[in-house]
Structures are given as C-alpha cells and as structure tokens.
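Geometric and topological summary
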Amino acid sequence: MTGPAHAGSVTAPRDSAGLKAVAGPQPWAIPQPRHWLLWGILLSAAVIALGATAQLLPGGTAAELGVDQDLSQHHAAILTGLAMTLNLVFGPAAGVAFVAAAALYLWVIRRSLVKAIAFGIFASSGWVASGLFKLIIARQRPNPALLADPLSPETGSNSFPSGHVSFAVALGFAVYFLVRGTRWAKATAFAAAALALVVAWSRLYIGVHYPTDVVASFLAASAAVVLLSGMWNCFAVPLLDRVTAPAALRSSQA
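Residues numbered from 1 in each chain as written. Predicted model: local features only at pLDDT ≥ 70, side-chain atom pairs only at ≥ 80, totals over all residues. Heavy atoms only, no water.

**Topic: the environment of Ser-72**
- Of note, Ser-72 is situated in helix H2 (residues 60-72).
- Along the backbone, Ser-72 and Tyr-205 are 133 residues apart, and their C-alpha atoms lie at a distance of 6.5 Å.
- For Ser-72, the residues in contact, after removing those within four places along its chain, are Leu-147, Ala-148, Asp-149 and Pro-150.
- Within the structure, the side chain of Ser-72 is placed 3.2 Å from the backbone nitrogen of Ala-148, a separation counted as a polar contact. (Helix = DSSP H or I, 4+ residues; strand = E, 2+ residues; numbered from the N terminus. Contact = heavy atoms within 4.5 Å. Polar contact = N/O pair within 3.5 Å; in protein donor to acceptor, adjacent residues only side chain to side chain.)

**Thoughts on the side chain of Ser-202**
- Tracing the backbone shows Ser-202 in helix H7 (residues 185-206).
- For Ser-202, a relative accessible area of 1% corresponds to the buried category.
- A distance of 2.6 Å separates a polar side-chain atom of Ser-202 from the backbone oxygen of Val-199.
- Once residues lying within four places of it in the same chain are set aside, the contact partners of Ser-202 are Ala-83 and Leu-86. (Buried < 20%, exposed > 50% of the residue type's maximum accessible area, 1.4 Å probe, protein only.)

**Some remarks on a nonpolar patch on the surface**
- Residues Leu-104, Tyr-105, Trp-107, Val-108, Ile-109, Leu-113, Ile-117 and Ile-121 make up a contiguous nonpolar surface patch of about 760 Å² in total accessible area.
- Listing elements by their share of the nonpolar patch, those giving two or more residues are helix H4 (92-109) and helix H5 (113-137).
- Examining the composition of the nonpolar patch, we find that 5 residues originate from one element, H4, more than from any other.
- Inspection of the secondary structure assignment puts Leu-104 in helix H4. (Patch = residues over 30% accessible without salt bridge, like charges linked within 9 Å, V, L, I, M, F, W, Y side chains within 5 Å. Areas by Shrake-Rupley, 256 points an atom, 1.4 Å probe, with all protein chains shown as cover. Salt bridge = Lys/Arg side-chain N within 4 Å of Asp/Glu carboxyl O.)

**As for the confidence of the model for the chain**
- Of the residues in the chain, 85% have a pLDDT of 70 or more, and the chain-wide mean is 88.
- Element-level pLDDT for the chain is lowest in helix H8 (residues 211-253), with a mean of 84, against a maximum mean of 98 in H7.
- The low-confidence segment residues 1-18, where pLDDT is below 50, has 44 contacts with residues more than four positions distant or belonging to other chains.
- Ignoring residues within four places in sequence, the model shows residues 21-25, a span with pLDDT below 50, making 22 contacts including any to other chains. (pLDDT = per-residue confidence, 0-100.)

**A word on the packing of helix H3 (residues 77-89) against H7**
- Relative to each other, H3 and H7 sit at 110°, their axes nearing to 9 Å. Taken together, the axes of H3 and H7 are roughly perpendicular relative to one another. Contacts between H3 and H7 involve Leu-79, Thr-80, Leu-82, Ala-83, Met-84, Leu-86 and Asn-87 from the first element and Val-198, Val-199, Trp-201, Ser-202, Arg-203, Tyr-205 and Ile-206 from the second.
- Of the residues contributing to the contact of H3 with H7, the split by class is 10 nonpolar, 3 polar and 1 charged. (Axes fitted to C-alpha atoms, helices over the stretch in contact; angles between N-to-C directions. Parallel < 35°, antiparallel > 145°, perpendicular 65-115°, else oblique. Nonpolar A, V, L, I, M, F, W, Y, C, P; charged D, E, K, R; others polar.)

Right under this line is the structure:
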C-alpha cells in the first residue's frame, strides 16, 4: 500500500479496480482517484441533479412506479425469499451488527486497529451519504396501496436514495480495500459489484424504491468513498506515520 502523492512526485500505477495508488512509503493509505475532491463534488452534484429531476419531471414518478408495479405482479417464491433476505441482511440493524463484528475481528484477531477503524468508516459511509441526500431530496416512497403484492410496505419521505443499496456499495469498497494487492482482489471487486446490483434489484422487487433511487445510491456511496479516501490519505496517514514512527525506530535499533 502506498501513501499520498505530492506535487512533483512520480505518477503512481493504478490498481486492479482502476483507482490510482497514491505514491509514497506509508502502509496505511487507501487507493484514491486522481482529483478526488473534484470527483466527490461531481458525484454528489449528480445525485442532487438526479433527485431534483425525478421530483420535478412531469410523469416521471408515475413511469418509474410502473416498474415496481410490474415486478409486484410477477413475484415468485424463490425470488421473494431472496429479496426479503437481502432486505434484512442489508437493513440498519443487521448491517450495524455485521460492520461491528468485522471491525472487532480485524482489531482483536488480526490485531490491526487501523484496519478496523478504516473498515468501519468506509463501510458505514454509504448510510451516512444516503441519509444526507434523503434530507435534501425528501422524496416520497412508492405507495404500497398501488402495488399488487407489497412485500414490505413502507411510507415516508426517505425514498431517495436507497440506504440498503448505498450500504451494499460502500461495504463492497471497504472489503475490496482490505484484500487489494492479494489474489482475491479481482474476484472481490466483481462479487461486490454483482451483490450491489442484486440488492438494487431487490429494492425494486419489494416495491420500496423507484429505479432512480437505486441508481442514485451507487453515485452517493461512490461520492462518499472517494471523498473519504482522499481525506484519509491527507489527514489520517500522516497522523499514523507520526504515531508509529517512534515505535518503528525503537524496533530497528533493538
């Protein structure tokens, strides 16, 4: 793992996910895209623009509801079981329990407090991002009364974007960051992307989100991860280097 790039440094290679591995000797850095701040702002602006368009476009919500209605009319037992399982697993309660358990494992078993903290922060960033955009857009959820088979009726102005999908995307990034540089990196990246897409489908299948809600979730979670990766490398990495440098020096002199 490499540290943050500075002006005049050699351009670092990209990892298997296409992110630029920032240059330097630091062992704590997270891969970040070039111009991470600009990308984070653009992705966030895209989420807001998509939400505003979905709210204001005449007939847009009705057309999107048609997707939910069509899925609701063609429920199958095995697909329903899968969708409801994902509804539980990627929900707030189970999600918090999983992230906490994984962070505890990294800290206690793998003896890496830094990895535990980083994993917890990045995995949770999807929820935080979706919560902020929900407050800004305040889109009403699909009306369960209009669905043929509402599996988990929900109401309220927290439809845009999907918290479940945002969590799935951010979790995928967090797990990938743990295994990057290993033989599991590519498989993890593909599996994480596939799982996020399946979770997105499940939110439409259950009938609690519109298509633009789940599309925006990928953008929102990606914006959070991009901004966090840059801030982590700018602030956390130098701090960790200062904290660990004395111990490393004593160890080398022993």
